[in-house]
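# Topology and contacts: notes
Residue strings, one per chain:
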Amino acid sequence: MVASYFLSDPSVLLSDLVFGLLLGCVLAVVAHGLNMIWGVVKVVNIAHGEFIMLGAYGAYFLNLYWGIGPLASAVFDAAIGFLVGYAFYYVFLHRELRGKETVSLQSEMVTLVATFGLSLVISTLALIIFSGNVVGIDYDPGTLLLGPVSVPLGGLYVAVVSILIISGTYLFLERTFIGAAIRAYSQDVTATELIGANPAKVASLATALGFAITMAGGALLTVFISVGINPLMGTLYAPISFVIVVMGGPGKMWGSLAGGLTLGIVFDVLQAVATPQIAFATGFLLLIPVLILRPEGILK
Amino acid sequence: MKGRTPFTLYGLLAVMAALAAVASFSGVATTVLLVNLLVFAALAYSINFITGMTGYVSFGHVVFMAIGSYSLAVLVSTYSTSPFEGIALGALLGGLFALGIGAVTLRFRGVYFAIASLVLALAGYNLVLQFPQFGPGGELIFYIPFQPLTVFFAIWGIVVAEIVLTFFVNRGKVGLGIRAIKDEEDAAAAAGVNPMKLKLYVYMLSGLFAGAAGAVFAWSTFGVNASSAFDLTFSLQMLAMILIGGMGTSTGPLLGASIVYLLYYELLTYPRLQGGQFLVVGAAVIVIALFVPDGIVGIIRRKYPSLKPVIE
Amino acid sequence: MPAVEVSNLSKSFGGVQALRGVSLSLGESEVLGLIGPNGSGKSTLLNVIAGVQKPTSGTVKLGGRAISGMRPDAIVKLGVAKTYQIPKPFASMSVRENVAVAALYGRRLRSVGPALEEADRTLAIVGMGDRSDLAAGSLTAQEKKRLELAKAIATGAKVLLLDEVFAGLSSEELRDSIALFRKMHEELRFSALVVEHVMRAVLNVSEGVVVLEEGRVIAAGSPDQIVHDERVVQAYLGSKGVGT
């Protein structure tokens, strides 16, 4: 089966590869907000997937009532996500992080469990309010034919926006004063004070940015999964995001893209040559060898 | 610490004896309720061994439960053995898998362990779906006589074993080493503790008992299917129970399991409140994790220090 | 036979050479001071001996037996214990339980009871008997340092690797600590490698001093020789000379 796939028409193979790369880009942006928070604040939001889901519903309702396309909705989602991120920081993280130089294992456990609870609360509320029905956005800008390879234009737009967002955050962190403060915080909390910034303000800003990107990512995702918006979609995209961030390395902005593209291609190729189950299982299990073989900052 | 009368153990065993009496002398409905309650208590004690004692959050703990469920379902449905052999196999495989998985994942600290356990559960779910032997949707159903009291005493025995083990592990050499690991793993190694060995030991216990409990769960529901066997909300419920009751303690899991189970499955199941139980438990987990991370036992410990010998 | 024999030990982190072929030998019951500027490799040397880090090359022998590459807990059980420069107490446990962990596992005791008794003895030796029921997390910084020492001793180690146990003390506290250290050494006859910045402490407790610079031993000798060694004065003590 595998051999026959690779011996088949090369244009099919190329189209699949292109699709895998586009999928990788959207997965990258979906994981990118988590990367930001994990890398800077050193806390993992287990409810990450639920905020992706909320972003997707945001795009759905903006489209349903005002006919706004998913790309434009991403901007609205980002604005909401920014505010939600601040609230999240002060409710869930501030008490645990305030005045501490490093995140203790105890705090890590508290935030893991609390955000696990949050994911249950949000997805249950979503089930009650949105109902369990799967919805989608009717948005299809068509297909671009590059010789024998067909490229879905929607996916291409999302990939471009995704790369713009990732490079934007990279430049923001590298080139601006606030970005420098965020980088200082991520390496050494006390260093933030040395360059004259308030650690809580820096951490909350990074969290807010992470949420803005996460919810925008949810909107962008709707282009790809045209009929897959449902209250429980977070349970798939959260673990995908975890794997991507670990693969790329928390806090490395381009890591999201590296991890996303790897996973996108693994999913896409394995689905073609094997089954979706094998593809998902392999994609998730990739995390283990990455954790073992790339132990810098991971094992200790 | 030494030579103290084990009031806590006596108290817990008295509660268990009372439950056995109630189950023996009341109707089937009560027995079934108690079976379910004790399945949850057994799961709570099982995750308590790893997450409660060491602080390693096992989000994917449901894997061991699923291993137990499938062990029993396969043995009973395919090989027509007695459910007890299914429980034994579930416990054995649960323990073995925990050793194998733990040898790799217990090297990862904190959030990395938690996420590794989570992705293993998701991978396990997808792999079960891949095997046609487990039926479409990984569903296995079997027909055996309905014997609620037998099921009750199976799970009762498991919980009693867990209580006794938890109590003596906490009091003994292993418990002291484990607490050191929970506080400062590197410093524990510098004091001569072999962290990997102790973590593997308690993880093995936790896999073993989750396997046994999962087997009884399949027995009590006459089957298993992949989406409920690997349902991650079970992991959350287990965490919620030990968090609410008190992590690592021998009283906490039973206390937490009773509260969560009764809230979840009994009090909040009226049609009007449907779905509400998830909200209540989720919100309780958030509040307790953020404000009282040592749970009810922790509150009692602080407010009424004189009760310490009774609750620990 | 020396208690600890370090031969040609090297350790690099990525591209950085922290240790470049360090050799030294620590005699039975000898106290050796280890000094050098920041980043000279002192802490790395202790970590490699204790098994916290694996050497890139070279060997560490304990009573003639190679221990390099072994796990830290195995090395503790063979009789080498290290303190942390920044104390790492088991914060939620009592002081007594902290020390009991070290006694229980370091000495391979069978049960908790004897470990607690050993902890009480050790706490009396280090003068913390009155602190034993406090939560270790609530101790002052100085008490935490002393608890580190108590844990190291409680493991039954014959070789102690002490990372700046005298740092940050007031003049009087330092005097008391030095006196305490000498008393303990007379009683327990351990060997010790003492990393220290406080020169008064080094010169007062150690019989010999080894000077590290950029991962190399640049001088070794009696405290008296060392303070008059030109290279040492240049490399480490600078123009300020030996004071305090």
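Check the entry above for the structure.
My aim in this report is to walk through the structure given alongside it, one point at a time. Fair warning: this is a prediction, and the values are worked out from it, not measured in the lab.

### Remarks on the environment of glycine 138 of chain B
All names here are of chain B. Relative to the helices and strands, glycine 138 is located in the loop between α5 (110-130) and β1 (140-141). Taking the relative accessible area as the measure of exposure, glycine 138 reaches 0% and is therefore buried. Sequence separation between glycine 138 and serine 228 is 90 residues, and the spatial gap between their C-alpha atoms is 9.8 Å. If we skip the residues at most four places from it in the chain, glycine 138 touches Tyr70, Val128, Leu129, Val224, Asn225 and Ala226.

### Some details on the nonpolar core
Residues and elements named next belong to chain C. If you look at the biggest cluster of nonpolar residues, it comprises 252 residues, and the most contacted ones within it are Phe166 and Phe181. When residues are assigned to domains, this core turns out to be shared by domain 1 (1-79 + 157-244) and domain 2 (89-156), each giving three or more. Apart from the residues lying within four places of it in its own chain, the contact partners of phenylalanine 166 are Leu174, Ser177, Ile178, Phe181, Val194, Glu196, Val198, Ala201 and Val205. The next biggest cluster of nonpolar side chains, apart from the first, holds 26 residues, and it includes Leu9, Leu24, Ala50 and Leu161.

### Section: the interface of chain B and chain C
Taken together, the contact between chain B and chain C spans 23 residues of the former and 28 residues of the latter. Buried area between chain B and chain C, summed over both chains or domains, comes out near 2,100 Å², and the portion from carbon and sulfur atoms is 64%. Counting every contact that joins chain B to chain C gives two salt bridges. Taking the shortest distance from any N to any O, the salt bridge between aspartate 186 of chain B and lysine 88 of chain C comes out at 3.8 Å. Those elements that provide at least two residues to the side of chain B that touches chain C are α7 (173-183), α8 (185-190) and α9 (195-221) of chain B. Element by element, the count of residues in the side of chain B that touches chain C is highest for α7 of chain B, at seven residues.

### Some details on the sheet that holds strand β1 (residues 4-13) of chain C
Note: strands within a sheet are paired through backbone hydrogen bonds, in either parallel or antiparallel orientation. All names here are of chain C. The antiparallel open sheet is built from four strands, whose spatial order is β2-β1-β4-β5. Whereas interior strands pair on both sides, the edge strands pair on one side only; in this sheet they are β2 (16-26) and β5 (65-66). Where β1 lies against strand β4 (residues 57-62), five bridges are found, and the strand directions are antiparallel. Bridged to serine 7 within β4 is threonine 59. With respect to the sheet, helix α1 (residues 42-50) is in contact with β1, β2 and β4, its orientation differing from that of β1 by roughly 115°.

Procedures and definitions
- Each chain carries its own residue numbering, running from 1 in the direction its sequence is written.
- As a convention, the first chain written is A and the first ligand written is 1, with the rest following in written order.
- Restriction of local features to residues with pLDDT of at least 70 applies here, the model being predicted, together with a cutoff of 80 or more for giving and counting side-chain atom pairs; totals for whole chains, interfaces and linings are based on all residues.
- To obtain the side-chain values, all non-hydrogen atoms of the structure were used and water was disregarded.
- Going along the chain from the N terminus, every DSSP run of H or I of four or more residues is numbered as a helix, and every run of E of two or more is numbered as a strand.
- When accessible area is computed with a 1.4 Å probe and restricted to protein chains, residues below 20% of their type maximum are described as buried, those above 50% as exposed, and intermediate ones as partly exposed.
- Contacts are assigned to residue pairs that have any heavy atoms within 4.5 Å of one another.
- Grouping buried Ala, Val, Leu, Ile, Met, Phe, Trp, Tyr and Cys residues that are joined through side-chain atoms within 4.5 Å yields what is termed a nonpolar core.
- Residue ranges labeled as domains rest on an automatic or database domain assignment.
- Buried area is understood as the total, over both parts, of accessible area removed when two parts are fitted together, assessed with a 1.4 Å probe.
- The working definition used for a salt bridge is a side-chain nitrogen of Lys or Arg within 4 Å of a carboxyl oxygen of Asp or Glu.
- Strands pair, by our definition, only if DSSP identifies at least two bridges between them.
- Axes here mean lines fitted to C-alpha atoms, for a helix over just the part in contact, with angles spanning 0 to 180 degrees between N-to-C directions.

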